[in-house]
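Residue-level listing of the chains:
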Amino acid sequence: MCGIVGYVGKKDCVNVLLDGLSSLEYRGYDSAGILTMQKNNNNTYNLNICKTKGRVNDLKISAKQFGISGCIGIGHTRWATHGEPSDINSHPHMDSTSSIGVVHNGIIENYLELKDTLINKGYAFASQTDTEVIPNLIKDNYTGNTLDATITATALLKGSYAIAIVSKENPDEMIVTKKDSPLIIGKGDNEYFVASDIPALLKHTNKVYILEDGEFAKIKLNEITFFNSNKMKLDKKYKEINWSLEAAEKCGYPDFMLKEIFEQPTAVRKTINDNLKNNKFLSELKIDDKFVKSINKIYIVACGTAMHAGLSGKNLIERYLKIPVEVDIASEFRYRHPIINENTLMITLSQSGETADTLAALRLAKSENAKTLAITNSIGSTISREADHVFYTQAGPEIAVASTKAYNTQLATIYMLMISFAEILNIDVTKLKQEIETMANKIEIILNQSEYIETIAKTMFKEKDAFFLGRGYDYPVSLEGSLKLKEISYIHSEAYAAGELKHGPIALIETGTYVICTITDNELLNKSLSNIQEIITRGAKVILITNKKIDSKYYDYLIEIPDCPSEFSSMLSIIPMQLLAYYISKLKNLDVDKPRNLAKSVTVE
Ligand code: F6R
């Protein structure tokens, strides 16, 4: 939700800011802007702003025409919350005397109250945003030091924020701070880079300071100083990030989504690595046998795609470990008074590690004494820092808004977790342990069918509706396939447990309705075939994804996937679904990587 960048150094910052915004555009893309500190001939300073409704590319054109420059600057790419996407609501925002400029990611919940107070004091507001209260509040508390004014002003804010601030009064510095929204600072050679996320920094440095809630950084040329809210100096060390720059670039692929779909074999291999040897997985997680034996309930809590990965995990864990598992949508979990105690394991799945609802659910579980395990892709993210135990999936940066490789690495991790727990509980999972090592190769085999899947997409891309059906392990993956299709192709799509169809939704099936059916479970094969027969009778066009030998009367298009234990089949059956959604989106000339109304990292409730 919104990406922010900043630069303090000797270079002209405009291209650095624009480049950084391009790599953060997945966080929001309805408007963008930059602000630079420009020195005048008489040694005074101006804050120059260039901002526009639209994409970062539109901003690049405006910035060129405008001729903006400077060695200190901030930038923002927006996903609108308060106030429609427009030039005036775009960030950066300034106080009403145009001396303080701010970019902000998050939501200020008490902004109306603050705005009223400031208006009564004579401050004027130009936009409908919550953000505009921040520069005015800092101005109102300014007594000669921007850091002090920021500390006082942020104490009055309720909600979430990552902010970068520049002020004409202290023109050689930038102040940054955060609460419940991510913010990192990259250390270059005699320069510093501020960003919401790692991909914006990789071009410049892999040395990254991760700011914690309530911490402040004062950034000057060659110097960074950290403070807490009592103005005490903090000693912070940077972390070295091992992501390569190529990982955050398209590398010849037309879109990040396609690149990320094709990166899945590597991502899965790296995630599994040698974690199942010598019980490495649990020992690195620092989860001991005693706790595993005491678990009486597992919650898996997540949002969207990550929640679908959790649903696949539930079936598997309950079947083998006989521990009850509840999978919850994080935004529901946090308000439904779940039953939690010290023998509860709460697993949060989150690619970004910053999803506001998942984070709130984690905090709730911790406050009720559950043991918490975060499975995340983002080193140093808030969820990873707050959970008792953390496992990092090795998907590498996922830039496309629609999640693909993160999902498969989340599945791999849950499978490893189940296998590791089973070994402690003396449950025989030898076969699954062997099979998991073969999954990456099997994904590769399906990726080789991408051209064939594109031909199926060509028959389907003009459809208005589609359905996904599956039973058992094939149901959660159908939910995920349906989500992929609707979010990037805008085709209305729904997923049902195949046996549920005749309890209502079958009324929607008519001649020519596309239904994507998945069958990977021998035990449910005949039941699934009966359900397909029911929809064929009503005229459905069936795309069948399967690793079973099935008579051609049951499908119009067949997508064969390699054989594997049905417990792991979601890792394979999702691949054709991702490709189908991708090609349909391309055939409709849509922006695959940045679908409408969405943002990658949902840091607001
Ligand atoms: C869909 C998608 C979202 C995310 C969800 C959770 O393609 O990407 O549904 O899965 O917003 O995000 P994380 O995993 O970052 O918590």
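Computed from a predicted model, the values in this text were never measured in an experiment. (Residues numbered from 1 in each chain as written. Predicted model: local features only at pLDDT ≥ 70, side-chain atom pairs only at ≥ 80, totals over all residues. Heavy atoms only, no water.)

**Side note on the sheet that holds strand 22 (residues 492-497)**
Working step 1: Pairing in this open sheet of five strands is parallel, and the strands run 22-21-23-24-25 from one edge to the other. If you trace the sheet from one side to the other, it starts and ends with strand 22 and strand 25 (557-560), each paired once. In this sheet, neighbouring strand axes are inclined to one another by 20° on average, regardless of whether the strands run parallel or antiparallel.
Working step 2: Summarising the sheet, strand 23 (residues 514-519) and strand 24 (residues 541-546) pair through six bridges and their orientation is parallel. (Pairing = 2+ DSSP bridges. Helix = DSSP H or I, 4+ residues; strand = E, 2+ residues; numbered from the N terminus. Axes fitted to C-alpha atoms, helices over the stretch in contact; angles between N-to-C directions.)

**As for the domain arrangement of the protein**
Working step 1: Assigned domains within the protein: domain 1 (3-241), domain 2 (248-437) and domain 3 (448-589).
Working step 2: Between the C-alpha centres of domain 1 and domain 2 the distance comes to 33 Å.
Working step 3: In this assembly, 13 residues from domain 1 lie in contact with ten residues from domain 2.
Working step 4: Among the residues of domain 1 in contact with domain 2, Tyr26, Asp180 and Ile210 are the three that bury the most area, contributing 36% of the side total.
Working step 5: For the interface between domain 1 and domain 2, the tally reads three salt bridges.
Working step 6: Here Glu212 and Arg385 are joined by a salt bridge, their closest N and O atoms 2.9 Å apart.
Working step 7: Our count for the contact surface shared by domain 1 and domain 2 stands at two residue pairs in polar contact (both at pLDDT 80 or more).
Working step 8: In terms of residue class, the side of domain 1 that touches domain 2 is built from eight nonpolar, no polar and five charged. (Domains from an automatic or database assignment. Contact = heavy atoms within 4.5 Å. Buried area = accessible area lost by both parts, 1.4 Å probe. Salt bridge = Lys/Arg side-chain N within 4 Å of Asp/Glu carboxyl O. Polar contact = N/O pair within 3.5 Å; in protein donor to acceptor, adjacent residues only side chain to side chain. Nonpolar A, V, L, I, M, F, W, Y, C, P; charged D, E, K, R; others polar.)

**Concerning the pairing of strand 17 (residues 325-329)**
Residues in a regular strand project their side chains so that they alternate between the two faces of the sheet.
Working step 1: Here five bridges tie strand 16 (residues 297-302) to strand 17, and the two strands are oriented parallel to one another. Each bridged residue has a counterpart across the sheet, and for Ile300 the counterpart in strand 17 is Val327.

**A closer look at the site of the ligand**
Working step 1: Taken together, 14 residues form the shell around the ligand, and within it Ser350, Gln351, Ser352, Thr355 and Glu487 come nearest.
Working step 2: Between an oxygen atom of the ligand and a main-chain N or O atom of Gln351, the distance comes to 2.6 Å.
Working step 3: About the coverage of the ligand: the protein hides 90% of its 410 Å² of free accessible area.
Working step 4: Going through the elements one at a time, helix 10 (304-321) and helix 18 (474-489) are the ones with two or more residues in the shell around the ligand.
Working step 5: Split by residue class, the shell around the ligand holds five nonpolar, seven polar and two charged.
Working step 6: When we break the shell around the ligand down by domain, the ones giving at least three residues each are domain 2 (248-437) and domain 3 (448-589). (Near = heavy atom within 4 Å. Areas by Shrake-Rupley, 256 points an atom, 1.4 Å probe, with all protein chains shown as cover.)

**Observations regarding the sheet that holds strand 17**
Working step 1: Across the sheet, which stays open at both edges, the five strands sit in the order 17-16-18-19-20 with parallel pairing between neighbours. This sheet does not close on itself; its edge strands, each paired only once, are strand 17 and strand 20 (389-392). Here the average twist between neighbouring strands, direction ignored, is 20°.
Working step 2: Bridge analysis of strand 16 against strand 18 (residues 344-350) gives five bridges, and the strand direction is parallel. Residue pairing for strand 18: Tyr299 is matched across the bridge by Met346.
Working step 3: Sheet contacts for helix 10: strand 16, strand 17 and strand 18; angle to strand 17, the most-contacted strand, approximately 170°.

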